[in-house]
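Structure assessment
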Amino acid sequence: MEAKPYSFIETEKFYKTAADAESALVGCYNMLNSSAYGRMFGETVLYLLNGSNDECITRSGVANSISPFGSGSYTASETELKNIWEALYAGVNRCNHLIEKIDAIEMNAGRKSEIKGEALFLRGFYEMYLALMFGAVPVNTEPDPDFFTPRLSLQEVYDQILSDFSTSANMLPNRAAIAGRANKWSAEGMRAKVYAYLASCKTNNVGSDLELELNHFSWANASVMYDSVDQITTRIISQSGFKLTDQYNYLFRETTRPWQYEECLFTVEGSSTATNSVGNRLNQAWLPQGNVNTRGGSGSKWFVPTAEVYKRYHASDVRRNHNLTGSIPGGDNAPVEIIENVRYYVPATANITTNAYGIGKYRYRDPVLKEISPFMSDGAIPLLRYADILLLNAEAMYYKGDEAGARAMFVPIRQRALYGTTTDLATLTTAYQKADFVEELLDERSRELCFEVGIRRFDMIRFGKLNSTITSLPITGGFHNINSLPILKTNWQPYKIWFPIPTAELDLNKNLVQNDGY
């Protein structure tokens, strides 16, 4: 944890003017992807949370600080876990300084309230990811807290997170003045995600076989929480003005922000300034394979997709050929496409039987058009999308007894998945139909939200399916299943639904206790 927030001046000399408050708020947002902490949600968090499941694994032969998170071999001594723990708490601390000091600043009352609301939202957001990753954690609501704060129960942790999101929702406008920043619906959407997570963990007895009671969900009231999910998501659908943007691929390109902002309730923003200390870097796994300097591709391919994620799609579903690809060809005649007057190189179609089979979720434009390093992205990465809200609404309706209404929520998402094709919706509906609604829901969430900031990992955990899914994955049927998946299956243990508390933090704070199994 930071004693003083990175980028802040001495606090007794700061927080005097409206400009100081705005600057402090920038510091709170910068923790989303600060280069000082591995670019967080703009890079490192994607690896920590997207690997070790039935979508994404470490490629055989990769050995670095990231690889344990796709091979299920992570331990308490991982440097990346120490860094993410410190970074998230540094974000909390920056928010706490601003929340404490802003009331004394003379400035426009409306803007003061908004800034405080944004800081509360970000504090809840950082605490939420600490809880999702580590379970019960220390909760800090004051600046520069005691280093010896113990872990609180999940109930106490989530009570604070929900309070922050609820309070901030009442302080924030429908849209932020600066696009990509938190607004009322960002906070409401995160509340819905938290309630759905808690309700499903309770329903599926998540972690009840582990000894540490701090991480148990027995206290949660699933019925009440699913009622809240239903109410909140219905309100977002009817009142927020967000919608599904027409073309799925526009959500993940560097130069399509106007379309992203139609659907994304919250994003992590990349910088177009070469010297800026914040930015997004996606070229080690999340782009189609290719030369990053000449094609805007992923040269390293640290993580690779399983065959299972490919097989979830019908051939006419446009999401398949966007999210999963082959390599971008070299040579003078490499194919290109023009997206809103901007040139992008086009990868080959995915073939699960070859080493070239890879992730293509995000897309860099032609590097000659960029003023920043070709390794970096000045695009925005979605952190909360309207499509997720629709699927959370479907989940809540199902658990409230309205399965027909729940299935109806798949319709607009699947209609978009057929954009530009001649296939009718009935074909996709039939192909994706499952008798078990939860199985169909989880499949649809994977098809729509794969490789997006840990969504699959947390879905599999909260429905009690991560362990059984990994152990039952076949080591046949695709190149990476044969060559890379056995590593994950060998390393995986049921207790790894939680990350370990970093050894460095246990050494520093003797009041912390370790998660089971580590």
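To start, this report covers the structure provided alongside it. As a convention, each chain's residues are numbered from 1 in the sequence order in which they are written. With pLDDT at 70 or above as the cut-off, local features in this predicted model cover only qualifying residues; side-chain atom pairs require 80 or more to be listed or tallied, and sums for whole chains, interfaces and linings still use all residues. Think of the side-chain values as coming from all heavy atoms in the structure, minus any hydrogens and water.

**Quick notes on the pattern of salt bridges**
Defined as follows: Salt bridge, as used here, is a side-chain nitrogen of Lys or Arg placed within 4 Å of a carboxyl oxygen of Asp or Glu. The helix count covers DSSP runs of H or I at least four residues long, the strand count covers runs of E at least two residues long, and both are numbered beginning at the N terminus. Burial status follows relative accessibility: with a 1.4 Å probe on protein chains alone, a residue under 20% of its type maximum counts as buried, one over 50% as exposed, and anything between as partly exposed.
With the rule as written, the count across this model stands at 40 salt bridges. Across the pair Arg-123 and Asp-164 runs a salt bridge, and its minimum N-O distance is 2.8 Å. Taken together, the positions of Arg-123 in helix α5 (residues 109-134) and Asp-164 in helix α6 (residues 154-169) put the pair 41 residues apart, joining distant regions of the chain. When sorted by exposure, Arg-123 lands in the same class as Asp-164, which is buried. As a salt-bridge pair, Arg-462 and Asp-459 come within 3.0 Å of each other at their nearest N and O atoms. With a gap of 3 residues between them, Arg-462 and Asp-459 both fall in helix α17 (residues 455-462), about one helical turn apart.

**Some words on α5**
Heads up, the condition is: Expected helix span is given by 1.5 Å per residue-to-residue step, counting one fewer step than there are residues. Polar contacts, as counted here, are pairs of nitrogen or oxygen atoms within 3.5 Å of one another; within protein the pair requires one atom able to donate a hydrogen and one able to accept it, and residues that are adjacent in sequence qualify only if both atoms are side-chain atoms.
With 26 residues, α5 ought to run about 38 Å at 1.5 Å a step, and its terminal C-alpha atoms sit 37 Å apart, in line with that. Counting buried positions over the 26 residues of α5 gives 20, a clear majority of the element. One side-chain oxygen of the residue at the start of α5 lies 3.0 Å from the amide nitrogen of Gly-110, identifying that residue as Asn-108. Just past α5, the residue Gly-135 takes up positive phi, approximately 85°.

**Looking at the pairing of strand β6 (residues 336-339)**
We count it as follows: Two strands are said to pair when DSSP picks up at least two bridges between them.
Pairing between β6 and strand β7 (residues 342-345): 4 bridges, direction antiparallel. Looking at the pairing, Ile-338 lines up with Arg-343 of β7. What sits between the antiparallel neighbours β6 and β7 is a turn of 2 residues, in which Glu-340 has the positive phi angle 50°.

**Re the environment of Val-229**
Definition in use: Contacts: residue pairs with any heavy atoms within 4.5 Å of one another.
Within the secondary structure, Val-229 sits in helix α8 (residues 222-239). Sequence-wise, Val-229 and Tyr-195 are 34 residues apart; in three dimensions their C-alpha atoms are separated by 6.1 Å. When neighbours within four sequence positions are excluded, Val-229 is seen to be in contact with Ala-192, Tyr-195, Ala-196, Leu-392 and Ala-396.

**A look at the nonpolar core**
Stated formally: Here, nonpolar core refers to any group of buried Ala, Val, Leu, Ile, Met, Phe, Trp, Tyr and Cys residues whose side-chain atoms link them within 4.5 Å.
Counting residues in hydrophobic clusters, the biggest one holds 156 residues, and the most contacted among them are Phe-41, Phe-125, Tyr-129, Phe-134, Phe-266 and Trp-286. In terms of residues, this core owes the most to one element, α5, which gives 14 residues. Residues contacting Trp-286, with those up to four places away along its chain left out, are Leu-46, Tyr-47, Asn-50, Cys-56, Phe-303, Ile-359, Gly-360, Lys-361, Tyr-362 and Phe-451.

**Examining the packing of aromatic side chains**
What counts, and what does not: The criterion for an aromatic pair is that two Phe, Tyr or Trp rings (for Trp, the six-membered ring) have centres within 6.5 Å, with stacked assigned to planes under 30 degrees apart, edge-to-face to planes over 60 apart and tilted to the rest. When the NZ atom of lysine or the CZ atom of arginine is within 6 Å of a ring's centre and also within 35 degrees of its normal, the charge is said to sit over that ring.
Under the counting rule described, the total for this entry stands at 32 aromatic pairs. Ring plane angle 45° and centroid distance 5.6 Å describe the contact between Phe-121 and Phe-165, whose orientation is recorded as tilted. With a gap of 44 residues between them, Phe-121 in helix α5 and Phe-165 in helix α6 connect regions that are remote in the sequence. Each member of the pair Phe-121 and Phe-165 is classed as buried. Put simply, the rings of Phe-41, Phe-121, Phe-125, Tyr-126, Tyr-129, Phe-165 and Phe-266 touch in pairs and so form one group of aromatic residues. When the ring centre of Tyr-345 is taken as reference, the NZ or CZ atom of Arg-295 above it lies at 4.4 Å. Above the face of the Tyr-432 ring, Arg-447 is positioned so that its terminal group lies 3.5 Å from the ring centre.

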